[in-house]
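A look at the structure
This is what each chain is made of:
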There are 2 protein chains.
Amino acid sequence: MRIAVLGADGYLGWPTALHLSARGHDVVGVDSLVRRRWDEECGTDSLTPIASIADRLARWQSESGHKIDWHQIDLCDAAAVDELIRTTQPDAIVHFAEQRSAPYSMISPRHGVETQVNNVVGTLNVLLSVRDHAPDCHVIKLGTMGEYGTPNIDIEEGFIEIEHNGRHDRVLYPKQPGSLYHLSKVHDSHNLDFACRIWDLRATDLNQGVVYGTTTDETALHPQLVTRFDYDGIWGTVLNRFCVEAAVGEPLTVYGKGGQTRGFLDIRDTVRCIELAALNAPAAGEYRVYNQFTEQFSVLGLAEKVEHARAAHGLPTTISHVSNPRREKEEHYYNAKHQRLLDLGLEPHGLSETLIDHVIQTVEANVSRVRRNTIEATIDWRKGGHVYAGGRAPALAALAGIGG
Amino acid sequence: MRIAVLGADGYLGWPTALHLSARGHDVVGVDSLVRRRWDEECGTDSLTPIASIADRLARWQSESGHKIDWHQIDLCDAAAVDELIRTTQPDAIVHFAEQRSAPYSMISPRHGVETQVNNVVGTLNVLLSVRDHAPDCHVIKLGTMGEYGTPNIDIEEGFIEIEHNGRHDRVLYPKQPGSLYHLSKVHDSHNLDFACRIWDLRATDLNQGVVYGTTTDETALHPQLVTRFDYDGIWGTVLNRFCVEAAVGEPLTVYGKGGQTRGFLDIRDTVRCIELAALNAPAAGEYRVYNQFTEQFSVLGLAEKVEHARAAHGLPTTISHVSNPRREKEEHYYNAKHQRLLDLGLEPHGLSETLIDHVIQTVEANVSRVRRNTIEATIDWRKGGHVYAGGRAPALAALAGIGG
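In what follows, the accompanying structure is described. Everything numeric here is computed off the predicted structure, so don't read it as measured data.

Considering the overall build of chain A
When helices and strands are counted, chain A shows 13 helices and 16 strands. In terms of C-alpha radius of gyration, chain A reaches 20 Å, essentially the compact-globule figure of 22 Å for 404 residues. For chain A, the C-alpha atoms occupy an extent of roughly 60 × 60 × 45 Å along the three principal directions. Within chain A, residue pairs in contact and separated by at least 24 positions form 82% of the contacts whose partners lie at least 6 positions apart.

What about the nonpolar core?
Within the largest apolar cluster, 227 residues are counted, with the highest numbers of intra-cluster contacts made by Val5(A), Cys243(A), Val5(B) and Cys243(B). Other than its neighbours up to four places away in sequence, Val5(A) contacts Gly13(A), Thr16(A), Ala17(A), Leu20(A), Val27(A), Val28(A), Gly29(A), Val30(A) and Val94(A).

With respect to the sheet that holds strand β13 (residues 295–298) of chain A
Residue and element names in this part refer to chain A. Within the open sheet, the 3 strands sit side by side as β9-β11-β13. Their pairing is mixed. On the outer flanks of this sheet lie β9 (210–212) and β13, each paired with one strand and no other. Recorded for the sheet is a direction-independent mean angle of 45 degrees between the axes of neighbouring strands. Looking at chain direction, β9 and strand β11 (residues 261–266) are connected through 3 bridges and run parallel. Paired with Val-210 across the two strands is Phe-264, which belongs to β11.

Details of the interface of chain A and chain B
Facing 39 residues of chain A, the contacting portion of chain B comprises 39 residues. Considering each element in turn, the side of chain A that touches chain B owes the most residues, 10 residues, to helix α6 (residues 109–133) of chain A.

Here we look at the sheet that holds strand β11 (residues 261–266) of chain B
All names here are of chain B. Taken in spatial order, the 3 strands make up an open sheet running β9-β11-β13, and their pairing is mixed. Both edges of this open sheet fall to β9 (210–212) and β13 (295–298), since each of them pairs with a single strand only. In this sheet, adjacent strand axes meet at a mean angle of 45 degrees when their direction is disregarded. Two elements, β11 and β13, share 4 bridges in a ladder whose sense is antiparallel. Note that in β13 the partner of Phe-264 across the bridge is Glu-295.

As for the relation of the copies chain A and chain B
Note that the two copies of the chain are related through a rotation about an axis and a translation along the same axis. You can overlay chain A on chain B at an RMSD of 0.0 Å; the transform is a turn of 180 degrees with a shift of 0.0 Å along its axis. The operation mapping one copy onto its partner corresponds to a two-fold rotation axis.

Rules and cut-offs
Residues numbered from 1 in each chain as written. Chains lettered and ligands numbered in written order. Predicted model: local features only at pLDDT ≥ 70, side-chain atom pairs only at ≥ 80, totals over all residues. Helix = DSSP H or I, 4+ residues; strand = E, 2+ residues; numbered from the N terminus. Rg over C-alpha atoms; globule rule 2.2 N^0.38 Å. Contact = placed C-beta atoms within 7 Å. Core = buried A, V, L, I, M, F, W, Y, C linked by C-beta atoms within 7 Å. Buried ≥ 20, exposed ≤ 12 C-beta atoms within 10 Å, placed from the backbone. Pairing = 2+ DSSP bridges. Axes fitted to C-alpha atoms, helices over the stretch in contact; angles between N-to-C directions. Least-squares fit on C-alpha atoms with pLDDT ≥ 70 in both.

Okay, here's the thing in structure tokens:
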């Protein structure tokens, strides 16, 4: 099938594009490359060296024999999105193309507004363009488990049956998002549900957990095919950050008590989940939600796993509790359902010491590239914060593009 | 107290500003005047002649002896909002300043995106500016009953207690908004809830029903103080439209079966509800929701009330069921709670034949101004539509202001 991958230059978009291409799908790759500019703004960089998009695409073609049809487009440009959908007529669209960092959205008012406009407008443009130019196309949208927050009841997959005053209904699961970024995803989810109810589109919303790991079968084929590895306080995810802290001899920094529990999954499961979603399109008018993660861990529990994996190699590690920059519950009930992708055939990779070893090896191989000043959290949920030394203010032209 | 009224040039913002001013509050009036430009774009106009904002303000001062401190500001201009909040230091902000027409939001993709950006960015800018410059200020935001849709369970005031798998939580009431405009209000509600949870702001969200009537004690003082009366297919509300249709000898047009049931209230109750909300500020960190309406009617039931009121004067009226341009349930359960404003002292005006008579008189006095070509619904929820003959495309400068 023809699948457009929006955000195909990103941490997960790139491995997904390769995986779908390797599996024989006709992949259309789309990205504005803004993520590279955000790195420049923040003073951050991927631990793994990332090739230019031209080199990535050429290398993939020479290694695999498959060609990805590349389009550099900003989804906030409605006319460009219309042209893309009208001319490529995808069977499915996989939409990763959003500002995806909670801390970034909390730096300043401008960053918060930019995040919500970028994400909401991009997704609306895709939905409206699909309605008008490819109404049978299946929209697969990356949401996040963070949309749910930490309710005191079980988290269901997108919808919940409610009995109230003797009557029943099935409704969207109530959300308690924890940042201006997470809110943007909740807004998207409501817009997606609406597009299915009112325009009979078909959509799958993948509420993904925290992804760890950096290597898939396809990215491992050549150094020019590797994907990003973010470990800093703005873009990094927690397991990657712990492994970097350990490698440079710093304590693993747990925010607050560390009882914050979240869903996690291996990057190899992400790319597989995407194909499973694509192969199982909802009916016209159906808005479907999967919770895309495989295991739950607390942040402190994860730190202890890293400590244990290193101890097996005789490497000492300490864990340090630092003041929590976020405003969130540090001890709470958490039980999130994640059955629907298993029912479609997902065979999960559990988080093993082997995997942690592999991440630590990736870090060791690139330890000279670690920017130690970018590990600390500099953005407070209550009052904002700042990017790292070396960051460059974005060009006015880039800002003017917001909402355009 | 000092109260900033955002959207003070609008149908309800203007009477609210006058009412609060008459009650002795120190009113700061804020508007971009974009509503007048939207009329030019759509080929629509208020049935009642509306004075310029300069004449309105001068007339209010000469009639009442009270001065409204006027600021022409677009809420999408973050720097202007910061300057406003920082220099005026309001005790409360009443926020009406949004694109408030569901049909307008469904005209075209551009109108849908414009609506969501305008409303979400304006509200975000207000919240962020209050956080940074007036953190004790009480934000009173106009939501809409349309955020809830038509669930098969009772509609509570903003939150619902859920028991699920033997556990309990109190969560935001799940929403099923029915247009891109209604979605923008749901997005706002989530952002407001977040601002209270994370930044300890205090906010009241007024989920208002459909307002009818055109006259308050203050707008009745002088013809230059009257507020808008919208009856057209884009901006009009249903009772006003029925009264205009009757006045020009057309059948009352009911969309579909007419079993659509909604909450309604008198404009005199709107202005009173706003003051009640302002006089009862939530604690820091509390997000409070009131359902602001006084009675439930079906659309067909409302048409029959108009027919009955006219029959009492010997005037014949017919009711015609036309194809529903919206996609919505035409027969459904509807039971929405609306107790909290009554608890604060609201004494509701019920919809009486006297009121309908008064609306019909307003129409008769202005019948020569009726634009008959603007009564028909031209915007279909499935495929969009068009503005009325005589509408003018907006200036590029106005469009460029979106999200700026």
